[in-house]
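# Results of the structural survey
Residues per chain, in single letters:
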Amino acid sequence: MTEKADLTSVLDRAAAGGRITPEEALVLYRDAPLHALGAAADAVRRRKYAGIEHIATYIIERNINYTNVCVTACKFCAFYAAPKDTEKGWTRDLDDILRRCAETVELGGTQIMFQGGHHPDYGVEYYEKHFRAIKDAFPQLVIHSLGASEIEHMARISGVSVEEAITRIHEAGLDSFAGAGAELLPERPRKAIAPLKESGERWLEIMETAHRLGVESTSTMLMGTGETNAERIEHLRMIRDVQDRTGGFRAFIPYTYQPENNHLKGRTQATLFEYLRMIAIARLFLDNVQHIQGSWLTTGKEVGQLSLHYGADDLGSIMLEENVVSSAGAKHRSNRLEIIDLIRKAGRVPAQRATTYEHLVVHDDPANDPVDDRVVSHISSTAIEGGTAHPELKLLASN
Ligand code: SF4
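Within any chain, residue numbers begin from 1 and follow the written order of that chain's sequence. With pLDDT at 70 or above as the cut-off, local features in this predicted model cover only qualifying residues; side-chain atom pairs require 80 or more to be listed or tallied, and sums for whole chains, interfaces and linings still use all residues. Only heavy atoms go into the side-chain values, all of them from the structure, while hydrogens and water stay out.

### What about the overall build of the protein chain?
In terms of helices and strands, the protein chain carries 17 helices and 10 strands. Put simply, the protein chain has 399 residues, and 60% of those count as buried. Values of accessible area rely on a 1.4 Å probe in the Shrake-Rupley scheme; residue burial ignores everything except the protein chains shown. A total of about 15400 Å² of accessible surface is found on the protein chain, and carbon and sulfur atoms cover 53% of it. Secondary structure follows DSSP: runs of H or I at least 4 residues long count as helices, runs of E at least 2 residues long count as strands, and numbering of each begins at the N terminus. Residue exposure (1.4 Å probe, protein chains only): buried if accessible area is under 20% of the type maximum, exposed if over 50%, otherwise partly exposed.

Below, the structure written as structure tokens:
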């Protein structure tokens, strides 16, 4: 049998829902014709969503960056400030955080992504206090935040086990983990970009513990900092193995490295074709993960739109505020009407979803589309420069 026939038979098996090995995934990722790969992934998506395969989802959320002070100094990160860098470092007080939550609710947002640096003083108590305050004031907001790295850090600061840290912040209001900090899980590329972060094995161990304690999460991958194709597939294998045991990863979300303002200057970014191939191979290889999310924030709206034909079922969030990847150069912005339009032009019916993927509003009739476009993704210049005001959103909220 020829190599081409082998590749076609693996692709056919994957499209029919058969499990593929990491070795087979690597061959498909590297060598399968782009459109054939996308078509196979789309076939799997259609079967997984039989009956609602015409729908693609989005969510309205706000990233709330509570501090940029961080002891972990990841080389790809343009957001953090070392604790001694008092000029660049900032923290947000609780009133400011609650005001941002209020604006989120006013604009129809349903989810908060609490995201920040590993502050040397922030242990479990800090997160308990803030999550309780958010839930007391806005019980309708879902706190989908943090990840294994933050758990490892806060448990160390408070001198408790990760089990205790997870249990306590869950009781205080955290609903699910955002899968932050996965970056690249295999050892070599992880050490090259985040030498002070916990190992990939440890990241997975903590997520597995969270799943066992009843806290689900999403999973992510940072593409394009110099990792090999084999390391990308190894990252997927590590996630699939844990998922076989826990079923706790709701989604997989690859996104591309942004090269500005960090210590990795000169690294090659993942190409948009590599990104689309990753969306497709993730749909084929991660047969036990329900949702594959396309990211328009780092790749652009058109590529986000294309990802819906390469296996993605969801376009993630219209972020009312985002500062982390924006600091590293992600410049794409959008609003709800634009996301609805681009999903529709991809041939799907747009639906606003909840954190747990139930459809909240199905936009099946353009005549009933929202009439305003106040739901706009923003970068907060004040978050980068320090300070607490957010004039754009205050303006929006007061209109
Ligand atoms: S990615 Fe997160 S942990 Fe790493 S330096 Fe940036 S803020 Fe700190």
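Picking up where we left off.
### Describing the nonpolar core
The tendency in soluble globular proteins is for nonpolar side chains to be buried as a group. Counting 108 residues, the largest nonpolar core has Leu28, Tyr127, Ile169, Phe177, Phe252, Ile281 and Leu284 as the members making the most contacts within it. Here Ile281 is in contact with Ile20, Ala25, Leu28, Tyr29, Leu37, Ile233, Leu236 and Leu286, once residues within four sequence places are set aside. Here, nonpolar core means buried Ala, Val, Leu, Ile, Met, Phe, Trp, Tyr and Cys residues that are tied together by side-chain atoms lying within 4.5 Å of each other. Throughout, a residue-residue contact means that at least one pair of heavy atoms, one from each residue, lies within 4.5 Å.

### Side note on the site of the ligand
Throughout, the term near means that a residue has one or more heavy atoms lying within 4 Å of the molecule or strand in question. By nearness alone, every residue bordering the ligand is listed as Cys70, Thr72, Ala73, Cys74, Phe76, Cys77, Tyr80, Gly117, His118 and Lys197. Residue classes in the shell around the ligand are distributed as six nonpolar, three polar and one charged. Lys, Arg, Asp and Glu make up the charged group, whereas Ala, Val, Leu, Ile, Met, Phe, Trp, Tyr, Cys and Pro make up the nonpolar group; the residues left over, Gly among them, are polar.

### Overview of the side chain of Thr57
With respect to the element layout, Thr57 can be found in strand 1 (residues 55-65). In the analysis that follows, any N or O atom pair within 3.5 Å is treated as a polar contact, provided that within protein one partner can donate a hydrogen and the other can accept it, and provided that, for residues neighboring in sequence, both atoms belong to side chains. Here Asp314 takes part through its side chain, which lies 2.6 Å from a polar atom of the side chain of Thr57. Apart from the residues lying within four places of it in its own chain, the contact partners of Thr57 are Asp313, Asp314, Leu315, Gly316, Ile343, Ala351, Arg353 and His359.

### As for the side chain of Glu152
Inspection of the secondary structure assignment puts Glu152 in helix 6 (residues 148-158). Polar contacts involving the side chain of Glu152 include one to the side chain of Arg202, which spans 3.1 Å. Aside from chain neighbours lying at most four places away, what touches Glu152 is Val162, Glu198, Arg202 and Ile206.

### Digging into the pairing of strand 1
Burial within strand 1 is extensive, with 11 of its 11 residues counted as buried. Because side chains alternate across strand 1, one face comprises the buried residues Ile55, Thr57, Ile59, Glu61, Asn63 and Asn65, and the other comprises Ala56, Tyr58, Ile60, Arg62 and Ile64, equally buried. The criterion for strand pairing is that DSSP finds at least two bridges linking the strands in question. As paired elements, strand 1 and strand 8 (residues 314-319) share four bridges and run parallel to each other. Residue pairing for strand 8: Ile60 is matched across the bridge by Ile318. By convention, a crossover is right-handed whenever its connection, traced from the first strand over the helix to the second and viewed with the strands pointing away, goes clockwise. Read from strand 1 through helix 4 (residues 94-106) to strand 2 (residues 111-115), the crossover connection turns out right-handed.

### Observations concerning helix 15 (residues 336-345)
Turning to helix 15, its buried residues number three or more, namely Arg336, Ile339, Ile340, Leu342 and Ile343. Where helix 15 is buried, its residues meet strand 1, helix 12 (296-299), helix 13 (301-307), strand 8 and strand 9 (349-353). Gly347 sits one or two residues past helix 15 and shows a positive phi near 85°.

### A look at the environment of Leu236
Along the chain, Leu236 turns up in helix 10 (residues 229-246). Leu236 has contacts with Met221, Phe252, Met278, Ile281, Ala282, Phe285 and Leu286, leaving out every residue within four places of it along the chain.

### Some points on the confidence of the model for the protein chain
Here pLDDT means the predictor's own confidence in every residue, given as a number from 0 to 100. Per-residue confidence for the protein chain gives a mean pLDDT of 89; residues scoring 70 or more make up 87%. Taken as a whole, residues 380-399 scores under 50 in pLDDT and shows 45 contacts with residues more than four places along the chain or in a different chain.

### A look at the pairing of strand 3 (residues 142-145)
Residues in a regular strand project their side chains so that they alternate between the two faces of the sheet. Where strand 2 and strand 3 come together, two bridges link them in parallel fashion. Residue pairing across strands places Ile112 opposite Ile143, the latter belonging to strand 3. As defined by bridge partners, strand 3 adjoins strand 4 (residues 176-177) across two bridges and the pair is classed as parallel. Each residue of the ladder has a partner; that of Ser145, found in strand 4, is Phe177.

### Structural notes on the environment of Thr86
Here Thr86 shows up in the loop between strand 1 and helix 4. With a relative accessible area of 68%, Thr86 lands in the exposed category. With 17 residues separating them in the primary sequence, Thr86 and Val69 have C-alpha atoms 9.0 Å apart.

### Overview of the packing of helix 6 against helix 7 (residues 162-172)
All axes here are fitted lines through C-alpha atoms, helices being fitted over the stretch that makes contact, and every angle between N-to-C directions spans 0 to 180 degrees. Where helix 6 meets helix 7, the closest approach of the two axes is 9 Å, and the angle between their N-to-C directions is 105°. The pairing of helix 6 with helix 7 is recorded here as roughly perpendicular in orientation. Of helix 7, the residues touching helix 6 (which contributes Ile151, Glu152, Met154 and Ala155) are Val162, Ala165, Ile166 and Ile169. The class makeup of the residues in the contact of helix 6 with helix 7 is seven nonpolar, no polar and one charged. Convention used here: angles under 35 degrees read as roughly parallel, angles over 145 as roughly antiparallel, angles from 65 to 115 as roughly perpendicular, and any remaining angle as oblique.

### Points about the pattern of salt bridges
Pairing of side chains with opposite charge becomes possible as their charged atoms draw close. Between Lys or Arg on one side and Asp or Glu on the other, a salt bridge is scored when a side-chain nitrogen of the former is within 4 Å of a carboxyl oxygen of the latter. Counted by the stated rule, this structure contains 34 salt bridges. Across the pair Asp96 and Arg99 runs a salt bridge, and its minimum N-O distance is 3.4 Å. Of this pair, Asp96 and Arg99 both sit in helix 4, three residues apart, roughly one helical turn. Asp96 sits in the buried class, given a relative accessible area of 4%. Among the ionic pairs, Arg202 bridges to Glu205, the shortest N-O distance being 2.7 Å. Placement of the pair is Arg202 and Glu205 together in helix 9 (residues 200-212), with a separation of three residues, close to one helical turn.

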